[in-house]
Amino acid sequence: MGKTLFVGIDIGSDTNVVRILDDTGKDVCGFNVSNDLPGAERLVERIVNEAELIDADKVKIGMEATNLYWWHLSQALHEAPELAAFAAEIAVINPKVIDGFKNIYTDIVKTDAVDAWVIADCLRFGRVRPTPPPDMTYAPLQRLTRFRYHMVSNLAREKNRALNLIFLKFSTYQKECPFSDLFGQASRAVVGNLTPDEIANMPVEELADLMLQHGNNRLKDVPEMAKVIKQAARNSYRLNPKMRDAVDVTLAMSLETIRFFESQQKKIDQVIAKELKAIPQTLDTVPGIGPVYSAGIVAEIGDISRFKNHNALAKFAGLTWRQHQSSKFTAEDIPLTRSGNYYLRYYLIEAANSVRVREPEYATFYRKKFTEARHHHHKRALVLTARKLVRMVFTLLSEGQIYRQRRLG
């Protein structure tokens, strides 16, 4: 039986710490290399030399998925022809896996060298699967959709911050706001530029004119809306004058940040839709799943042939539930595993929320699960609807079918 060399790499932005073990877990060597192209070349040379010294016929290399510091090194190792002779397997490992494995060692110290040793030993136990190199059909789209995810998260946080400032300035505005979009252009013009006192004392016609100037001809019954806002202004708390300037400045900046994020989101959505056109898929034929959700799902799944069935895909997305059973006891309220690809889980859940509004089959399923849930009704029903959606996603991508609505009844 051939020998195997196990290489653990603790990734850093500047330096990678390397530990190499043999089949028995004995230290072969440890060293540092720079996290750049010359460092990768030196690493490959050293691995090959050590493999030849112990007459190894296989090499397994592992590294943590730390930010994106692993990206270039992983690519370089996959492309190194010298490693091909040793049937090299490269694994980019979730840090949670390494942390969990490390718990089997008692009183272990925390250093980069020890972390690299733990990664190598984790490989030696054989519970880590190799990671294929990024598929350049999907990798560019994945960068775009992940960037969008974080942009949307930042936008949501900024809106929450703005709502707090709006409450300080105009305490009843959020509750009484007659605009369909509180952060729309007309609404921003009102709450961003006027104080409650100014609104309360302003003639209805003048306030209505201001709203029309910023409403893009989409507002209906503007005089009535102006009356609602004026009444809200009368009922609002009055901010201490010493606080007014600070709140006005920070609210104006927050609203401008929101406007910027929204404009950037439109731009990234256009780029995503363009990139998606180069990838064959039929998910955007499903009502409620447009180019953005389709792209987010496709980019994270990659080649659907990697998954043998929809259960494997659901596990990859973390849309499975952790069983809790002991002796004759089996828990009914079991948590979501959340151990899979959270970007894919996010896009599947967002898509499910959109589909269940437009598709009777999914609407019926959602309502049923909503009624059955004992806690967190909407959240649990939506996650279960997303799990149902996984089955359809797998079928459409595997067979290249156009979506056809099923008849109920």
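Each chain carries its own residue numbering, running from 1 in the written order of its sequence. Local features are withheld for residues below a pLDDT of 70 in this predicted model, meaning they are given only at 70 or higher, and side-chain atom pairs are given and counted only at 80 or more; totals for whole chains, interfaces and linings count all residues. Heavy atoms throughout the structure, all of them, feed into the side-chain values; hydrogens and water do not.

**Side note on a nonpolar patch on the surface**
Moving on, step 1. A cluster of nonpolar side chains, namely Phe167, Leu168, Tyr237 and Met243, defines an oily patch on the protein surface of about 440 Å² accessible area.
Moving on, step 2. Structurally, the position occupied by Met243 is in helix α12 (residues 241–276).
Moving on, step 3. Burial classes follow relative accessibility: with a 1.4 Å probe on protein chains only, a residue under 20% of its type's maximum area counts as buried, one over 50% as exposed, and anything between as partly exposed. Classification of Met243 by relative accessible area gives partly exposed; the value is 38%. To count toward a patch, a residue needs a relative accessible area above 30% and no salt bridge. Like charges then connect within 9 Å, nonpolar side chains (Val, Leu, Ile, Met, Phe, Trp, Tyr) within 5 Å. In short, Shrake-Rupley with a 1.4 Å probe defines the accessible areas, and a residue's cover is counted only from the protein chains shown. A carboxyl oxygen of Asp or Glu within 4 Å of a side-chain nitrogen of Lys or Arg is what we treat as a salt bridge. The numbering of helices and of strands both runs from the N terminus, where a helix is a DSSP run of H or I of at least 4 residues and a strand a run of E of at least 2.

**Remarks on helix α13 (residues 291–301)**
Moving on, step 1. Burial of α13 is extensive: ten of the eleven residues sit out of reach of the surface.
Moving on, step 2. The complete set of buried residues in α13 reads Val292, Tyr293, Ser294, Ala295, Gly296, Ile297, Val298, Ala299, Glu300 and Ile301.
Moving on, step 3. Contacts are assigned to residue pairs with any non-hydrogen atoms lying within 4.5 Å of each other. Buried residues along α13 sit in contact with α6 (139–169), α12, α14 (310–317), α15 (342–358) and α17 (377–399).
Moving on, step 4. Immediately beyond the C-terminal end of α13, within one or two residues, lies Gly302, with a positive phi of roughly 70°.

**Considerations on the pairing of strand β3 (residues 27–34)**
Moving on, step 1. Inspection of the sheet shows strand β2 (residues 15–21) paired to β3 by seven bridges, in the antiparallel sense. Directly across from Val17, in β3, lies its bridge partner Asn32.
Moving on, step 2. If DSSP finds at least two bridges between two strands, the strands pair. Hairpin geometry of β2 and β3 is characterised by an intervening segment of five residues between the two adjacent antiparallel strands and by a positive phi of about 90° at Gly25.

**Considering the environment of Gly302**
Moving on, step 1. Mapped onto the secondary structure, Gly302 falls in the loop between α13 and α14.
Moving on, step 2. Given the relative accessible area of 14%, Gly302 is considered buried.
Moving on, step 3. Taking C-alpha positions, Gly302 is 22 Å from Val383, a pair spaced 81 residues apart along the chain.

**What about the pattern of salt bridges?**
Moving on, step 1. Under the defined criterion, the tally for this structure stands at 17 salt bridges.
Moving on, step 2. With a shortest N-O distance of 3.4 Å, Asp248 and Lys169 are connected by a salt bridge. Here the residue Asp248 occupies a position in helix α12, and Lys169 occupies one in helix α6, the gap between them amounting to 79 residues.
Moving on, step 3. Relative accessible area serves as the criterion here: at 25%, Asp248 is assigned to the partly exposed category.

**Section: the sheet that holds strand β1 (residues 3–10)**
Moving on, step 1. A sheet is described by the order of its strands in space; here five strands give the open sequence β3-β2-β1-β4-β5, paired in mixed fashion. The open sheet terminates on both sides in strands that have one partner only, identified here as β3 and β5 (89–93). Across the sheet, the mean angle from the axis of one strand to that of its neighbour is 20°, orientation sign disregarded.
Moving on, step 2. The pairing of β1 with β2 spans five bridges and is antiparallel. To obtain an axis, a line is fitted to C-alpha atoms, over the contacting stretch when the element is a helix, and the angle between two such axes runs from 0 to 180 degrees between their N-to-C directions.

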